[in-house]
Amino acid sequence: MSRKKFINAKLKSVNELQEILTDHGVFQEISPRISAPDCEIIDLQGKLILPPYVDPHIHLDYVFTARKQGAANGTGTLFEGIQRWSETKSDLTVDEIKARAIIAVKKELAHGVQFIRTHADVTDPSLTSLKAMLELREELKDLVTIQIVSFPQEGMYAYKGGQELVEEGLKMGADCVGGIPHFELAREFGEQSIHSIVNLALKYDRMIDVHCDETDDVQSRFLELLNALVLMEGIGKKTTASHTCSFGSADNSYAFKLMKNLKKSGLNFISCPTENIYLQGRQDTYPKRRGLTRVKELFENGINVCFAQDSIQDPWYPLGNGNLMNVLDNGIHIAQMMSFEEIDRCLDLITVNGAKTMNLTNSYGIEAGKPANFIVLDAKNEFEAVSERADVSASIRNGEFLFKKAPVSYEIQNDFMK
Ligand code: 17E
Ligand code: FE2
């Protein structure tokens, strides 16, 4: 039936339980009492309803390559990850990449994700990763919204012809321009890459998502230049700085000035807490840095910041399963965001803030007129969701269930457990 009424829905920061009417895959009305005859009724039993989880930063072309011959990353550093990937990527095919990526997408969907931004490594003259991602974006679009970044993993300049390949990726249909300035061979080349990224974004009218300052080196300050250029061009809201680890090591007086300008541009931030706590701080003995950007301070300053998965079993990170609740749990611990108010608000980091980063605002959110996409958490409210790391018990896309889990049943054997 195309018309459905979901009853007893607990919406974020709304005390009274709501009813949600959907028709032909679109939210019609959300209010405490809806009279709508002739529709299927689904009882959500007071569970917390959220817009779907968003994973705004993952490398779907890398997933499940960690165990490949020669891919082992002995130092656990970003730079060895890039080296191992470079040495083992030559035998990839479109079909093989797609087969791995589909397993990862299924995992993400099963955890309540419906919006993904993936990087596709374009430092490969045949652009195999990008071709695979373009096919997936189209083939899976009814189940999951995918954006693609034309990303030069081995450098725009450090890799010969890298810049041209990034541009070719945009011509072929990538949604965003990527870059990796901290990996270029000299600071000047990193700066040049930032200029080039902004120019390409303007030329092709695309968003920007840069792997920016993914290092503990406090001298790595490409964020400052990226922010200045997009501020002057007025495209800050379409721009994302991913990782920005060195900003977490920067001197406070520097950070104070930069924070003000970040606020002006509207730049978005993505932090990948599980990967960066693992990859960074590797040259430190003790004390050892956490490697995360200033998530708490960005959040407090009203700058848009979100969390992402980044890796699933690749040369950079051996774990990862697409469960954004796990990423959030790690992230709020590492970023020390656990006042009761922060706990109540932190679900934004894996939902609306990610959607804002991806510029999804017209198609995302539980509001009349928008596509009826939402998830049901196995929790009564935000606090319980975070403290119990609640499972996603159902995911609804365009008004239809992607999945619905039966409640877990226990056989209680012991009086104390009753
Ligand atoms: N590539 C990169 O440059 N940084 C990362 N964290 C991953 C891939 C996973
Ligand atoms: Fe990344």
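Everything discussed here concerns the structure shown above.
Summary of the structure given here. (Residues numbered from 1 in each chain as written. Chains lettered and ligands numbered in written order. Predicted model: local features only at pLDDT ≥ 70, side-chain atom pairs only at ≥ 80, totals over all residues. Heavy atoms only, no water.)

1. Things to note about the sheet that holds strand β5 (residues 53–58)
Right, so step 1: Ordered by their spatial adjacency, 8 strands build an open sheet running β5-β6-β7-β8-β9-β10-β11-β12, and the pairing between neighbours is parallel. Across the chains shown, the open sheet's two edge strands, defined by having one partner strand only, are β5 and β12 (305–307).
Right, so step 2: Two elements, strand β7 (residues 145–151) and strand β8 (residues 176–177), share 2 bridges in a ladder whose sense is parallel. For Val149, the partnering residue across the bridge sits in β8 and is Cys176. (Pairing = 2+ DSSP bridges. Helix = DSSP H or I, 4+ residues; strand = E, 2+ residues; numbered from the N terminus.)

2. A few points about the pattern of salt bridges
Right, so step 1: As enumerated under the stated definition, the model contains 28 salt bridges in all.
Right, so step 2: A salt bridge links Lys12 to Asp348, with the shortest nitrogen-to-oxygen separation between them at 2.4 Å. Remark: Asp348 occurs in the loop between α11 (340–345) and α12 (352–357) and Lys12 occurs in the loop between β1 (3–11) and β2 (18–23); sequence separation between them is 336 residues.
Right, so step 3: You can call Lys12 partly exposed: its relative accessible area is 23%.
Right, so step 4: Overall, the relative accessible area of 15% leaves Asp348 in the buried class.
Right, so step 5: A salt bridge links Asp329 to Arg389; the nearest nitrogen and oxygen atoms lie 2.4 Å apart. You can see Asp329 sitting in helix α10 (residues 324–334) and its partner Arg389 sitting in the loop between α13 (382–387) and β14 (392–397), a full 60 residues away along the chain. (Salt bridge = Lys/Arg side-chain N within 4 Å of Asp/Glu carboxyl O. Buried < 20%, exposed > 50% of the residue type's maximum accessible area, 1.4 Å probe, protein only.)

3. Let's talk about the packing of aromatic side chains
Right, so step 1: In total, this model carries 10 aromatic pairs according to the counting rule given.
Right, so step 2: Summarising the aromatic geometry, the rings of Tyr62 and Trp85 are spaced 4.2 Å apart at their centres and angled 45 degrees between planes, so their arrangement reads as tilted. One end of the pair, Tyr62, is in the loop between β5 and α1 (78–88); the other, Trp85, is in helix α1, with 23 residues separating them in the sequence.
Right, so step 3: Between Tyr62 and Trp316, the ring centres sit 4.8 Å apart and the planes meet at 15 degrees, which makes this aromatic pair stacked. (Phe/Tyr/Trp six-rings, centres within 6.5 Å; stacked < 30°, edge-to-face > 60°.)

4. Points about the nonpolar core
Right, so step 1: If you look at the biggest cluster of nonpolar residues, it comprises 98 residues, and the most contacted ones within it are Tyr53, Leu262, Leu328, Leu347 and Leu377.
Right, so step 2: Look past the residues within four positions of Leu262 in its chain and what remains in contact with it is Leu223, Asn227, Phe247, Leu267, Phe269, Leu298 and Ile303.
Right, so step 3: Counting residues in each nonpolar core, the second largest holds 14 residues, with Ile20, Phe27, Leu44 and Val376 among its members. (Core = buried A, V, L, I, M, F, W, Y, C linked by side-chain atoms within 4.5 Å. Contact = heavy atoms within 4.5 Å.)

5. Side note on the environment of Lys404
Right, so step 1: Mapping Lys404 onto the fold places it in strand β15 (residues 400–404).
Right, so step 2: Under the relative-accessibility criterion, Lys404 is labelled exposed at 60%.
Right, so step 3: Separated by 252 residues in the primary sequence, Lys404 and Pro152 have C-alpha atoms spaced 39 Å apart.
Right, so step 4: When sequence neighbours within four positions are dropped, the list of residues in contact with Lys404 reads Ser393 and Ala394.

6. Looking at the sheet that holds β1
Right, so step 1: Spatially, β3-β2-β1-β4-β13-β14-β15 is the arrangement adopted by the 7 strands of the open sheet, whose pairing is mixed. Looking at strand neighbours, the two that pair on one side only are β3 (26–31) and β15, the edges of this open sheet. Direction aside, the axes of adjacent strands within the sheet are offset by 30 degrees on average. (Axes fitted to C-alpha atoms, helices over the stretch in contact; angles between N-to-C directions.)

7. Section: a nonpolar patch on the surface
Right, so step 1: On the surface, a nonpolar cluster with roughly 700 Å² of combined accessible area is contributed by Val408, Tyr410, Ile412, Phe416 and Met417.
Right, so step 2: Along the chain, the position of Tyr410 falls in the segment after β15. (Patch = residues over 30% accessible without salt bridge, like charges linked within 9 Å, V, L, I, M, F, W, Y side chains within 5 Å. Areas by Shrake-Rupley, 256 points an atom, 1.4 Å probe, with all protein chains shown as cover.)

8. A closer look at the coordination of the iron ion (ligand 2)
Right, so step 1: In the first shell of the iron ion (ligand 2), the protein supplies His57 (NE2), His59 (NE2), His211 (NE2) and Asp310 (OD), at 2.1 to 2.5 Å from the metal.
Right, so step 2: Between the donor residues of the iron ion (ligand 2), the gaps in sequence give the motif H-x1-H-x151-H-x98-D.
Right, so step 3: Its relative accessible area of 0% is what places His57 among the buried residues. (Donors = N, O, S within 2.8 Å, 3.2 Å for Na, K, Ca; no water.)

9. Focus: helix α4 (residues 162–172)
Right, so step 1: Within α4 the residues assigned to the buried category are Gly162, Leu165, Val166, Glu167, Gly169 and Leu170.
Right, so step 2: Check the buried side of α4 and you find it contacts α3 (128–139), β7, β8 and α5 (187–204).
Right, so step 3: Phi for Gly173, located one or two positions after α4, is positive at around 120 degrees.

10. As for the side chain of Asn353
Right, so step 1: Inspection of the secondary structure puts Asn353 in helix α12.
Right, so step 2: Judged by relative accessible area, Asn353 falls into the buried class, the value being 11%.
Right, so step 3: Not counting residues within four places of it along the chain, the set of residues in contact with Asn353 comprises Phe299, Asn304, Val305, Cys306 and Asp348.

11. Looking at the pairing of β14
The two faces of the sheet receive side chains in turn, since in a regular strand these alternate between them.
Right, so step 1: Most of β14 sits inside the fold, with 6 of its 6 residues counted as buried.
Right, so step 2: Examined bridge by bridge, strand β13 (residues 374–377) and β14 share 4 bridges and lie antiparallel to one another. If you follow Phe374 over to β14, its bridge partner there is Ile396.
Right, so step 3: Linking β14 back to β15 in an antiparallel pair, the connection comprises 2 residues, with Asn398 at a positive phi of about 50 degrees.

12. A few points about the pairing of strand β9 (residues 207–212)
Right, so step 1: Of all 6 residues in β9, 6 are buried, a share of seventy percent or more.
Right, so step 2: With burial as the criterion, each face of β9 is covered, one bearing Met207, Asp209 and His211 and the other bearing Ile208, Val210 and Cys212.
Right, so step 3: Bridge count between β8 and β9: 2 bridges; the pairing is parallel. The residue of β9 that forms the bridge with Cys176 is Met207.
Right, so step 4: Read as a crossover between parallel neighbours, the route from β8 over α5 to β9 is right-handed.
Right, so step 5: With 5 bridges joining them, β9 and strand β10 (residues 239–243) adopt parallel strand pairing. Its bridge partner being in β10, Ile208 is matched across the sheet by Thr239.
Right, so step 6: Where the polypeptide runs from β9 across helix α6 (residues 222–233) and back to β10, its parallel neighbour, the crossover connection is right-handed. (Right-handed = clockwise from strand over helix to strand, strands pointing away.)

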